[in-house]
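Survey of secondary and tertiary structure
In case you want the letters, here they are:
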Amino acid sequence: MARKKVIFEDTLALILAGGQGERLSPLTRDRSKPAVPFGGMYRIIDFTLSNCLNSGLRKIFVLTQYKSGSLERHVQLGWDPIFSVELGEWIYTVPPQLRVGQRWYEGTADAVYHNIYLLEQVRPARVMILSGDHVYKMNYSTMLDFHDGRGALATIGVVEVPIEQASAFGVVQVDEEWRIVGFQEKPKDPTPVPGKPGVALVNMGVYCFDTGTLVEVLTEDASRKTRHDFGHDILPSMVATGKLFAFPFVDENRKQVAYWRDIGTLDSYFEASMDLVAVDPVFNLYDQAWPLRTLPRQLPPAKTVFAQEEPGGRTGTILNSAVCGGVIVSGGRVERSILGPEVRVNSFARVTDCVLMDGVQVGRHARLTRAIVDKGVSIPAGFVVGENLDEDRARFTVSERGVVVIPKGTVLG
């Protein structure tokens, strides 16, 4: 236990949370990707922050950049009260300081390089670098133990994914000791795991560096013309050292299938949301042994209204759905959907396979199918979404797989 405490006290977490998230537009029109609501009451960044807290990491800098107001408010109100500065704990959001050449971040490695002065102030023995836009459960302390035990200069969290999906990620090859012997960033023909032709090992965007090594490789990279990116530049350059290791993902979700999702597109966002409303969801929001935290809100309980069983009557019905506080389903029907706080579904309306964010109002007799509706949008009475995609494309964004997205501020008449 004493050794664990030393590891935690000597480890700093840097969360990269400045992503623009262009492929998630229009959900990222007014907010950064890590600030996008997910799972009804959470923001995407809450899952990485919950992992830190559950792993005992309590020195955290959140590096922001793109449209960071919503994210900074969420961290300040929802997460800052959990930490005690008197006990050497903190969580701070750090916007770009323009310390390097008066320019914005040009890559993931560049974002950390801009903030090397933070490492000089804190002087940690090691740094965890984490992405703020992934959904998974991971105990980082087991990775820190692995890193120290191998005498690694840097360690990468890796997970197996189907080979047909691996081209979207960095693909690594390892030897019997999990030493990385090859690294391909988003290859057209990913190298499969030996003996497993259907899967590849991909980079999760979870890194552990010895601080001295991190400063050295970032400084060297900054002097060259590169993308200044961990996946494209930093990590491949370290393979030759023989001290770059891969840590196989251990899922705290305790399911047979390891769950890790990069919420990078509208379709991946929608599919990950629908994962949550399965009868036996692969990603478990209800595990008290690994609590997921967010900004608490004081809201009344959800309720259904009306149970008129006669022909033509209205019945408030919710089936196979996740429903947050303050929701009222008043004579409407909701199936396989996620309803954020204070959503209202009015009489005879039907909501099927949808994500409705905070405060959405669905009018009487409206029908929504395979749609994502952002905060505060009012759907007029009788309005239909998701049944004629040609009509929907003329009014809204429609994803490659036919999910209709209605952004914040949309006025429908």
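Now for a look at the structure at hand. (Residues numbered from 1 in each chain as written. Predicted model: local features only at pLDDT ≥ 70, side-chain atom pairs only at ≥ 80, totals over all residues. Heavy atoms only, no water.)

What to know about the overall build of the protein
When helices and strands are tallied, the protein shows ten helices and 27 strands. Taken over the C-alpha atoms alone, the protein extends approximately 75 × 50 × 45 Å along its principal axes. Of all intrachain contacts in the protein linking residues separated by at least 6 positions in sequence, the fraction that spans at least 24 positions is 61%. A total of about 18100 Å² of accessible surface is found on the protein, and carbon and sulfur atoms cover 49% of it. (Helix = DSSP H or I, 4+ residues; strand = E, 2+ residues; numbered from the N terminus. Contact = heavy atoms within 4.5 Å. Areas by Shrake-Rupley, 256 points an atom, 1.4 Å probe, with all protein chains shown as cover.)

Section: the sheet that holds strand β22 (residues 361-362)
Strand order in this open sheet of five strands is β14-β17-β20-β22-β24, and the pairing throughout is parallel. Each edge of the open sheet carries a strand with a single partner, namely β14 (303-305) and β24 (378-379). Bridging between strand β17 (residues 328-330) and strand β20 (residues 344-345) involves two bridges; their strand directions are parallel. Within β20, the residue paired with Ile328 across the bridge is Arg344. (Pairing = 2+ DSSP bridges.)

Here's the deal with the packing of aromatic side chains
Inspection of the entire model under this criterion finds 15 aromatic pairs. An angle of 15° between the planes, with centres 6.2 Å apart, marks the rings of Trp90 and Tyr92 as stacked. For the pair Phe146 and Phe245, a centre-to-centre distance of 6.5 Å together with 75° between the ring planes defines the contact as edge-to-face. You can see Phe146 sitting in helix α6 (residues 140-150) and its partner Phe245 sitting in strand β12 (residues 244-248), a full 99 residues away along the chain. (Phe/Tyr/Trp six-rings, centres within 6.5 Å; stacked < 30°, edge-to-face > 60°.)

Description of the side chain of Ser131
Secondary-structure assignment places Ser131 in strand β6 (residues 126-131). Owing to a relative accessible area of 15%, Ser131 belongs among the buried residues under this scheme. Setting aside chain neighbours within four positions, we find Ser131 in contact with Ile15, Leu16, Thr48 and Gly205. (Buried < 20%, exposed > 50% of the residue type's maximum accessible area, 1.4 Å probe, protein only.)

Observations regarding the environment of Asp145
With respect to the secondary-structure elements, Asp145 resides in helix α6. By relative accessible area, which is 22% here, Asp145 ends up partly exposed.

Topic: the pairing of strand β5 (residues 90-94)
Relative to β5, strand β4 (residues 59-63) runs parallel, the two sharing five bridges. In the sheet register, Lys59 faces β5, and the bridge partner there is Trp90. Crossover connection from β4 via helix α3 (residues 69-78) to parallel β5: handedness right-handed. (Right-handed = clockwise from strand over helix to strand, strands pointing away.)

Some words on α6
Buried residues of α6: Tyr140, Ser141, Met143, Leu144, Phe146 and His147, and no others. Positive backbone phi, at 65°, marks Gly151, one or two positions downstream of α6.

Describing the nonpolar core
Counting 39 residues, the largest nonpolar core has Ile60, Met128, Met138, Tyr140 and Val206 as the members making the most contacts within it. Sort the elements by how many residues they give to this core and strand β11 (residues 199-210) lands first, with five residues. Excluding its chain neighbours within four sequence positions, the residues that come into contact with Met138 are Asn51, Ser55, Met143, Met204, Val206, Phe247, Phe249, Val250, Glu252 and Trp290. Listed in part, the 38 residues of the second largest apolar core include Val112, Val172, Tyr207 and Leu214. (Core = buried A, V, L, I, M, F, W, Y, C linked by side-chain atoms within 4.5 Å.)

Concerning the pairing of β6
Two faces belong to every sheet, and in a regular strand the side chains alternate between them. Burial analysis of β6 places six of its six residues in the buried class, which makes it a mostly covered element. The two faces of β6 match: Arg126, Met128 and Leu130 on one face and Val127, Ile129 and Ser131 on the other face are all buried. Sheet topology places strand β1 (residues 11-16) next to β6; six bridges connect them, and they run parallel. Bridge pairing in β6 links Leu12 to Val127. As paired elements, β6 and β11 share five bridges and run antiparallel to each other. The residue bridging Arg126 from the neighbouring strand is Asp210, located in β11.

Concerning empty space enclosed by the protein
With the rule as written, the count across this model stands at one cavity of 30 Å³ or more. Estimated volume of the largest cavity: approximately 40 Å³. In terms of lining residues, the largest cavity is bounded by Pro37, Phe38, Gly39, Gly40, Tyr269, Ile338, Gly340, Val355, Leu356, Met357 and Asp358. When residues of the lining of the largest cavity are traced back to their parent elements, those giving at least two are β2 (37-38) and β21 (350-356). (1 Å grid on protein atoms, 1.4 Å probe; cavity = no way out; pocket = protein on both sides within 12 Å on 5 of 7 lines; lining within 4 Å. Points joined across faces, edges and corners; volume = space filled by probe spheres on them.)

That's the geometry; what it means functionally is another story.
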